[in-house]
Amino acid sequence: MSLFDLKGRVAIVTGGNGGIGLGMARGLAAAGAAIVVVGRNEDKNKAAVKELKKLGADVSSQIVDVTKESAAKKMVKDAVKKHGRVDILVNNAGMNIRKQPEEYTEAEWHQVIDTNLTSAFLCSRAVYEAMKKVGGGKIINIGSMMSIFGASFTTPYAASKGGMVQMTRAFACAWAKDNIQVNAVLPGWIDTDLTRRARQQVKGLHERVLGRTPAGRWGTPDDHAGIAVFLGGPASDFVTGTAIPVDGGYSVQG
Ligand code: NDP
């Protein structure tokens, strides 16, 4: 058995219709996994399915708002109905609202926390029984450099991403007995819709990222394909509770 062979495994990727989620889905699909693309936008879902099918993968999509518990439960039920099992969950759906701390409304705080953190709590709990049923599973939570650093314009986002790492550790401890490994990935600055908006909103961001990243470039969604295959398959069976930066060295630059 190859350590990186995902044939026969089924992966749900929230936010899998674009950006980092789609980059991870490409990696998982190329390694042989069937993919369930999850997002709210039907057109983006359809385009992602079309692209992933070209890799030879068995792919379906679901329109889901992952902030809702009933929707998370239905997502898993429908995935099992369609593909027979679920082995991998990537909790990648996320968003940001950039303001000074004193400018956020309470609703904006909850929107960011619910989308980035509560959704991962709900989806992970929803998938737990299905993973137990097949003898184990892999949960990959997407954190951020804001899991370890702060920034003036990102209070709820940093809180959600710091929480993601701690929740990863708690899940890892709770579910190791069920052979479910739970790990976090901390992307550096990656060129996606999310950060294209950030570059418009935060003056000098583009140059600051280039200057601080030892690799000398912004990351791409496809830079996350490898870590998805590693954390999604047998190669990482004794790896749990970790938070692995995929950042071109951003987090170790002194
Ligand atoms: P994108 O904006 O490209 O992707 C966000 C994805 O999340 C979309 O596919 C979107 O799909 C989905 N999504 C958002 N809200 C919901 C919801 N309520 N229910 C279901 N799906 C939802 O951003 P990125 O690819 O950049 O971000 C992906 C993840 O990576 C996020 O968690 C982000 O915080 C994290 N990250 C990104 C970094 C970067 O530099 N880009 C750095 C560090 C972390 P739809 O619109 O169809 O709902």
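In this report, the structure presented in the accompanying data block is examined. (Residues numbered from 1 in each chain as written. Predicted model: local features only at pLDDT ≥ 70, side-chain atom pairs only at ≥ 80, totals over all residues. Heavy atoms only, no water.)

### Observations regarding the packing of helix α1 (residues 19-30) against helix α8 (residues 225-232)
In contact at an axis separation of 7 Å, α1 and α8 are set at 55° when each is read in the N-to-C sense. Taken together, the axes of α1 and α8 lie oblique to each other. Every pair of crossing elements has a handedness; the one defined by α1 and α8 is right-handed. Facing α1, whose interface residues are Gly23, Met24, Gly27 and Leu28, α8 presents Ala225, Ile227, Ala228 and Val229. Grouping the constituent residues of the contact of α1 with α8 by class yields 6 nonpolar, 2 polar and no charged. (Axes fitted to C-alpha atoms, helices over the stretch in contact; angles between N-to-C directions. Helix = DSSP H or I, 4+ residues; strand = E, 2+ residues; numbered from the N terminus. Parallel < 35°, antiparallel > 145°, perpendicular 65-115°, else oblique. Left-handed = near helix turned anticlockwise from the far one by under 90°. Contact = heavy atoms within 4.5 Å. Nonpolar A, V, L, I, M, F, W, Y, C, P; charged D, E, K, R; others polar.)

### So, the environment of aspartate 237
Structurally, aspartate 237 is set in the loop between α8 and β7 (243-246). The sequence separation of aspartate 237 and lysine 177 amounts to 60 residues, and the corresponding C-alpha distance is 12 Å. Filtering out sequence-adjacent residues up to four positions away, aspartate 237 remains in contact with Lys138 and Gln181. Here lysine 138 takes part through its side chain, which lies 2.8 Å from a polar atom of the side chain of aspartate 237. (Polar contact = N/O pair within 3.5 Å; in protein donor to acceptor, adjacent residues only side chain to side chain.)

### What to know about the site of the ligand
Taken together, 29 residues form the shell around the ligand, and within it Asn17, Arg40, Tyr157, Ile190 and Thr192 come nearest. Lysine 44 is positioned such that a nitrogen or oxygen atom in its side chain is 3.0 Å from an oxygen atom of the ligand. Separating a nitrogen atom of the ligand from a backbone N or O atom of valine 64 is a distance of 3.3 Å. For the ligand, whose accessible area on its own is 880 Å², the fraction buried by protein is 94%. Spatially, the ligand is embedded in the largest pocket. Within the residue set of the shell around the ligand, elements represented by two or more residues are α1, α5 (155-175) and α6 (193-201). Considering each element in turn, the shell around the ligand owes the most residues, 3 residues, to α6. Tallied by class, residues from the shell around the ligand come to 10 nonpolar, 14 polar and 5 charged. (Near = heavy atom within 4 Å. Areas by Shrake-Rupley, 256 points an atom, 1.4 Å probe, with all protein chains shown as cover. 1 Å grid on protein atoms, 1.4 Å probe; cavity = no way out; pocket = protein on both sides within 12 Å on 5 of 7 lines; lining within 4 Å. Sits in = over half its atoms within 2 Å of the grid points.)

### Considering the nonpolar core
Core analysis: the largest hydrophobic core is formed by 33 residues, its most contacted members being Ile12, Met75, Leu89 and Ile139. Of all the secondary structure elements, the ones that give two or more residues to this core are β1 (10-14), β2 (34-39), α3 (69-83), α4 (106-133), α5 and β6 (180-187). Considering every element that reaches this core, the biggest residue donor is α4, with 10 residues. Among all residues touching leucine 89, those that are not within four sequence positions of it are Ile12, Thr14, Met75, Cys123, Ser124, Val127, Met131, Lys138, Ile139 and Ile140. (Core = buried A, V, L, I, M, F, W, Y, C linked by side-chain atoms within 4.5 Å. Buried < 20%, exposed > 50% of the residue type's maximum accessible area, 1.4 Å probe, protein only.)

### A word on empty space enclosed by the protein
Under the criterion given, the structure shown has 1 cavity of 30 Å³ or more. Taken as a whole, the largest cavity encloses approximately 30 Å³ of empty space. If you trace the largest cavity, you find it lined by Thr14, Val66, Asn91, Asn92, Ala93, Asn116, Ser119, Ala120, Cys123 and Met164. Of all the elements, α4 adds the most residues to the lining of the largest cavity, at 4 residues. For the lining of the largest cavity, the residue count by class is 5 nonpolar, 5 polar and no charged. (Points joined across faces, edges and corners; volume = space filled by probe spheres on them.)

Bear in mind that shape data such as this cannot, by itself, settle questions of function.
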